[in-house]
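Residue-level listing of the chains:
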Amino acid sequence: PDGTKLAATTTYEDASIFILDLVDPDRSRIVELSSPTTQDQIESGIVRFADAMDWDPRSEFLVYDAFNSVSVEESSLEYWDVNILVLEDEVIIPLFPPQAPGFHLGNPSFANTNESFIVFDFYDEAQELNQIWVYDIFTGGAGRITRTGRFYSFPSFSPDDEHLVFETFNEDRQVLTIERIPLEP
């Protein structure tokens, strides 16, 4: 939002986010992603790649989702989670505790006028059901806004934060549509 940085990933399975400094290119860097643990300064290498990313209104924090894979005997547990990268210190903060198998959190986006709020998809594999949730990162409060069917919706706030905008798939017509719903002040 401040026009000084760009966050990018590759199209490969690469657990990195590239922070490009548009003012001073020599300050550009690569942040290697990991999954923090409950042990101080111990991280696990289960992150395979990041996908959706968004800056907070002051360009200090980057919220992103990551695809993770954990080997379990002869199979693997795979899931999406949502984290915040504190840019100054390159600290990764998971926003939610681990979810039960089959639940995925993804496609996060900050509000545009209030850095307290993040919107994201919450997908349940067993029910093939996606929901849009809004989370207050300062109070820990969260609430479901709507259900969007069996596909991810890639929600985001309108520029004034008065609406949520998201994709839905019309199965009868076999087309993607964009919907907008008002938020209560």
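Look above for the structure.
Here goes a summary of the coordinates provided. What you see is a predicted model, and the numbers here were worked out from it, not measured in a lab. (Residues numbered from 1 in each chain as written. Predicted model: local features only at pLDDT ≥ 70, side-chain atom pairs only at ≥ 80, totals over all residues. Heavy atoms only, no water.)

**Quick notes on unusual backbone geometry**
Heads up, the condition is: Note on conventions: DSSP H or I runs of at least 4 residues are helices, E runs of at least 2 residues are strands, and numbering of each starts at the N terminus. The classification of residues rests on relative accessible area computed with a 1.4 Å probe and restricted to protein chains. Under 20% of the type maximum is buried, over 50% is exposed, and intermediate values are partly exposed.
In the Ramachandran plot, Phe154 falls in the positive-phi region, its phi being about 50° despite a non-glycine side chain. With respect to the helices and strands, Phe154 occurs in the loop between strand E13 (142-149) and strand E14 (156-157). Positive phi values are uncommon outside glycine, yet Asp161 reaches one of about 65°. Asp161 gets classed as buried once you look at its relative accessible area, which sits at 14%.

**So, the sheet that holds strand E15 (residues 163-170)**
Put simply, the rule reads: Pairing between two strands requires that DSSP report at least two bridges joining them.
Taken in spatial order, the three strands line up as E14-E15-E16 in an open sheet, and their pairing is antiparallel. In this open sheet, the two strands that pair with only one neighbour each are E14 and strand E16 (175-182).

**A few points about the pattern of salt bridges**
To be explicit about the condition: When a carboxyl oxygen of Asp or Glu lies within 4 Å of a side-chain nitrogen of Lys or Arg, that pair is called a salt bridge.
This model, assessed by the stated rule, comprises five salt bridges. Between Lys5 and Asp2 there is a salt bridge, with the nearest N and O atoms lying 3.5 Å from each other. Residue classification places Asp2 among the partly exposed residues on the basis of a relative accessible area of 40%. Residues Glu171 and Arg150 are paired through a salt bridge, measuring 3.0 Å at the closest nitrogen-oxygen approach. Taken together, the positions of Glu171 in the loop between E15 and E16 and Arg150 in the loop between E13 and E14 put the pair 21 residues apart, joining distant regions of the chain. With relative accessibility at 38%, the residue Glu171 sits in the partly exposed group. When its relative accessible area of 37% is taken as the criterion, Arg150 is described as partly exposed. Each of Arg58, Glu60 and Glu115 takes part in one network of salt bridges that share partners.

**Brief notes about the side chain of Ser153**
Selection rule: Polar contact criterion, stated in full: a pair of N or O atoms within 3.5 Å, where within protein one must be able to donate a hydrogen and the other to accept it, and residues adjacent in sequence count only if both atoms are side-chain atoms. The contact criterion used is simple: two residues touch if any of their non-hydrogen atoms lie within 4.5 Å.
Structurally, Ser153 can be placed in the loop between E13 and E14. Residue Ser153 is classed as buried on the basis of its relative accessible area of 0%. A distance of 2.5 Å separates the side chain of Ser153 from the side chain of Asp121, its partner in a polar contact. If sequence neighbours within four positions are ignored, Ser153 has contacts with Asp121, Asn130, Ile132, Thr148, Phe166 and Glu167.

**What to know about the sheet that holds strand E2 (residues 16-21)**
Quick reminder of the rule: Angles shown run from 0 to 180 degrees and are taken between the N-to-C directions of axes, each axis being a line fitted to C-alpha atoms and, for helices, limited to the stretch in contact.
Taken in spatial order, the three strands of this open sheet run E1-E2-E3, and their pairing is antiparallel. Sheet topology places strand E1 (5-8) and strand E3 (29-32) at the edges, where each strand pairs with a single neighbour. On average, each strand axis in the sheet is inclined to that of its neighbour by 20°, with strand direction left out of account.

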